[in-house]
Amino acid sequence: MDEIKAIVYLPIKPEIAKKLNLPVKLPVLAEDLLLITDQNNIPIDVLVRGLEEQFKIEKDEYWKSYLVYFYYEKFKILLNAKQYNDAQELLNKVKNIATDYRYHFYTALLQAKVGNYDLAEIEFKQALALNPNFSLAYYELGNLLFAKKDYDEAVEAYTKAYQIDPNFLLPLLKIGDTYMELGQLDDAEVVYNSIIQKLESQPLASEGLEFQPMPEAYLRLGVLYNIRNQYEKAEKTFRKGLQSAKMPEIIYNLAYTLTKLGKHFEAYKMLYELSKEYETPEVLNELGILQRRLGLYEEAYATFEKIQEDFPENFERIQFYVGKKHFDDEYENEMKKSEDKLEQIEFPFQKELEIIIESTDDEGQIITEKFIELTKITPKLQDTQSASTEHFSYILAGIYIAGTEPIIMEKNATHITLTTMGAGLPLACSTTILRLHQNILSGETNIDHFIEDIRAEIEELHFEFANELTSLLEQPLDDFFDKDCKDYEKFTVNLIKAIGYQPTKEEIGQISDEILRKTVEFYMRIIG
């Protein structure tokens, strides 16, 4: 006969006993007493050892129920820790005591974890045969069927789980996920919205339905809207989700949405704060991309250096912006063919060019502080969705002064745009004009090809503006002559039209907007 160890019966406060599902007189091995320092947090192994010893003495239903319960609690810990052999040994102990529906359910969970899907499915169905109202078993069966790609049966299992327990919203969430997996976005949207409506419907509380916060529903719906390019809806959804929980995945996806809406500074601040707590390669990569777009090149280099093994292309690219590599050493610079011609053509905005010359270093890179000092311009370092062409001449001069150096062109265009106009739509417009300038110097003047080539880049800066550019492929190009181009967006669109149209010298004189006329004339001399 096994030796019986000394047991001490520890009195537990009734409210604590009820909360933790403990007997008010808890059997504890005398040798384990020193391990108990807080009745609210008694180690699981202490509970199991004491109940095992007690059950040796009294093999009745009372002690068996507590022992089996804490066997399963310990099992869940082992399962989550991926200690599958120990978890199986614990199930073997349970089997010797009681094999009710819970035994089959937990056996199924273990088999699913180790990849024995067919056996797991059998065990789940056995658990449901013994307890047809076991909502969680239907839910886990749905997860198993989803993993097996049996999507119709998975939806059926999730539906039963929800029907049994309308307070249990996870099955609805997984139904939406299944529709997403199948590409049925409309159906997924309906499901996710139904969850959110339940979460936000206060009257349901009076009917006995109380739901825990579920930010995952907002996350999924927001991602769905991102997939559909419905970025304003996505932003609204993500922001509502953050009101229920500061979920890092929501913050990450919201930052992506904001960039598509041209809210670059806001997205940058969001990712910067997120990176302090979640320094994952994905977060750092998006942060680095935004830092580069906003002219924070040294910061971007430090960010990409941390993740150079995960995103080698971005680390390679940023090195050109911080002087560690030179473009012409790595790539053939097609713009070099226009270098002599560029030097012979008079720049159309001489006053602005003189200020830019005074504001640049020996390499032609803009010194922002000097530029601000000379122009007395108040920096517009913020997101904006509109701007005038008042300061466009400085941007073009900054591009021009770089000659045929693409990196300096981009750095100057970025810094001057952010200083004079801000980020958002102006940055998308300046980037478009920068790429147009580079195309022209490279001898490429086909506007259809140009728009197709830059669409993806401009989408990352401002999705709606990228759509506007794409629409030019189906529009006439000869309606720019009388357009009011004081708005920077309209100016950019009409400049592209004019370059595509390639007006004669006489036709250029008919362009009513002075800045557009001078800019078109400048480029047509390069093309001609």
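Values in this document were obtained by computation on a predicted structure and should not be read as measured data.

**Concerning the overall build of the protein chain**
The helix and strand tally for the protein chain stands at 29 helices and four strands. Since a compact globule built from 528 residues should have a radius of gyration of about 24 Å, the 33 Å found for the protein chain marks it as more spread out than a globular shape. When the backbone C-alpha atoms are referred to their principal axes, the protein chain occupies close to 110 × 45 × 45 Å. Burial statistics for the protein chain: of 528 residues in total, 50% are counted as buried. When the accessible area of the protein chain is evaluated, it comes to approximately 26200 Å², of which 47% is carbon and sulfur surface.

**Some words on the nonpolar core**
Of all hydrophobic cores here, the largest spans 108 residues; its most connected members are Leu26, Ile42, Phe70, Phe75, Phe105, Ile195 and Ile318. Counting residues per element, this core draws most heavily on helix H3 (residues 61-80), which supplies ten residues. With near-sequence residues (within four places) excluded, phenylalanine 75 lies in contact with Ala87, Leu90, Leu91, Tyr106 and Leu110. In terms of nonpolar packing, the next biggest core, distinct from the first, is built from 63 residues, Ile408, Met421, Ala428 and Phe491 among them.

**Details of the pairing of strand S2 (residues 25-29)**
A large share of S2 lies buried, amounting to four of its five residues. In this structure, strand S1 (residues 7-11) lies alongside S2, joined through five bridges in antiparallel fashion. Considered in S2, the bridge of proline 11 is made with lysine 25.

**Brief notes about the side chain of asparagine 494**
With respect to the helices, strands and loops of the structure, asparagine 494 is situated in helix H27 (residues 488-501). A relative accessible area of 5% means that asparagine 494 is categorised as buried. Here lysine 490 takes part through its backbone oxygen, which lies 2.8 Å from a polar atom of the side chain of asparagine 494.

**Digging into the layout of surface pockets**
The space that makes up the largest pocket amounts to roughly 390 Å³. By residue class, the composition of the lining of the largest pocket is seven nonpolar, four polar and six charged. Here the second largest pocket is characterised by a volume of approximately 290 Å³. Around the second largest pocket, the lining residues are Lys76, Leu79, Asn80, Leu109, Ala112, Lys113, Tyr117, Phe124, Glu140, Asn143, Leu144 and Ala147. Residue assignment for the lining of the second largest pocket shows that the elements contributing at least two residues are H3, helix H5 (101-113), helix H6 (117-130) and helix H7 (135-147). Considering every element that reaches the lining of the second largest pocket, the biggest residue donor is H7, with four residues. Per-class residue counts for the lining of the second largest pocket are seven nonpolar, two polar and three charged.

**A closer look at helix H16 (residues 297-306)**
For an α-helix the count is 3.6 residues per turn, leaving residues at separations of three or four pointing the same way. Taken together, the buried positions of H16 are Tyr297, Ala300, Tyr301, Thr303 and Phe304. Each buried residue of H16 sits inside an arc of 165 degrees when the element is viewed along its axis, so together they form one side. Facing away from the buried surface of H16 by more than 90 degrees, the exposed residues are Glu298 and Lys306. Here the buried face of H16 lies against helix H15 (281-293), helix H17 (312-321) and helix H23 (406-420).

**Some thoughts on unusual backbone geometry**
With the exception of glycine, most residues fall at negative phi, and the peptide bonds are largely trans. Even without a glycine there, the phi angle at asparagine 21 is positive, about 55 degrees. Mapped onto the secondary structure, asparagine 21 falls in the loop between helix H1 (14-20) and S2. Residue lysine 82 is not a glycine yet carries a positive backbone phi of 60 degrees.

**Quick word on a negative patch on the surface**
There is a patch of like negative charges on the surface, built from Glu444, Asp448, Glu452, Asp453 and Glu474. Considering the arrangement of structural elements, one finds glutamate 444 in the loop between helix H24 (425-441) and helix H25 (447-461).

**What about the packing of aromatic side chains?**
Tallying each qualifying case throughout the model produces 32 aromatic pairs. Judged by centre distance (5.9 Å) and plane angle (55 degrees), the rings of phenylalanine 105 and phenylalanine 124 are tilted. Within this pair, whereas phenylalanine 105 is found in helix H5, its partner phenylalanine 124 is found in helix H6, the two being separated by 19 residues in sequence. Across the pair, phenylalanine 124 and phenylalanine 105 agree in class, each one buried. An angle of 70 degrees between the planes, with centres 5.5 Å apart, marks the rings of phenylalanine 480 and tyrosine 501 as edge-to-face. Of this pair, phenylalanine 480 sits in the loop between helix H26 (463-471) and H27 while tyrosine 501 sits in helix H27, and the two are 21 residues apart along the sequence. What makes phenylalanine 480 buried here is its relative accessible area of 0%. Taken together through their ring pairs, the aromatic side chains of Tyr72, Phe75, Tyr101, Phe105, Tyr106, Phe124 and Phe134 make up a single cluster. Note that lysine 174 overlies the ring of phenylalanine 146, its terminal NZ or CZ placed 4.8 Å from the centroid.

Scoring rules and cut-offs
Residues numbered from 1 in each chain as written. Predicted model: local features only at pLDDT ≥ 70, side-chain atom pairs only at ≥ 80, totals over all residues. Heavy atoms only, no water. Helix = DSSP H or I, 4+ residues; strand = E, 2+ residues; numbered from the N terminus. Rg over C-alpha atoms; globule rule 2.2 N^0.38 Å. Buried < 20%, exposed > 50% of the residue type's maximum accessible area, 1.4 Å probe, protein only. Areas by Shrake-Rupley, 256 points an atom, 1.4 Å probe, with all protein chains shown as cover. Core = buried A, V, L, I, M, F, W, Y, C linked by side-chain atoms within 4.5 Å. Contact = heavy atoms within 4.5 Å. Pairing = 2+ DSSP bridges. Polar contact = N/O pair within 3.5 Å; in protein donor to acceptor, adjacent residues only side chain to side chain. 1 Å grid on protein atoms, 1.4 Å probe; cavity = no way out; pocket = protein on both sides within 12 Å on 5 of 7 lines; lining within 4 Å. Points joined across faces, edges and corners; volume = space filled by probe spheres on them. Nonpolar A, V, L, I, M, F, W, Y, C, P; charged D, E, K, R; others polar. Arc of directions from axis to C-beta. Patch = residues over 30% accessible without salt bridge, like charges linked within 9 Å, V, L, I, M, F, W, Y side chains within 5 Å. Salt bridge = Lys/Arg side-chain N within 4 Å of Asp/Glu carboxyl O. Lys, Arg positive; Asp, Glu negative; His and termini not counted. Charge placed at Lys NZ, Arg CZ, Asp CG, Glu CD. Phe/Tyr/Trp six-rings, centres within 6.5 Å; stacked < 30°, edge-to-face > 60°. Lys NZ or Arg CZ within 6 Å of the ring centre and 35° of its normal.

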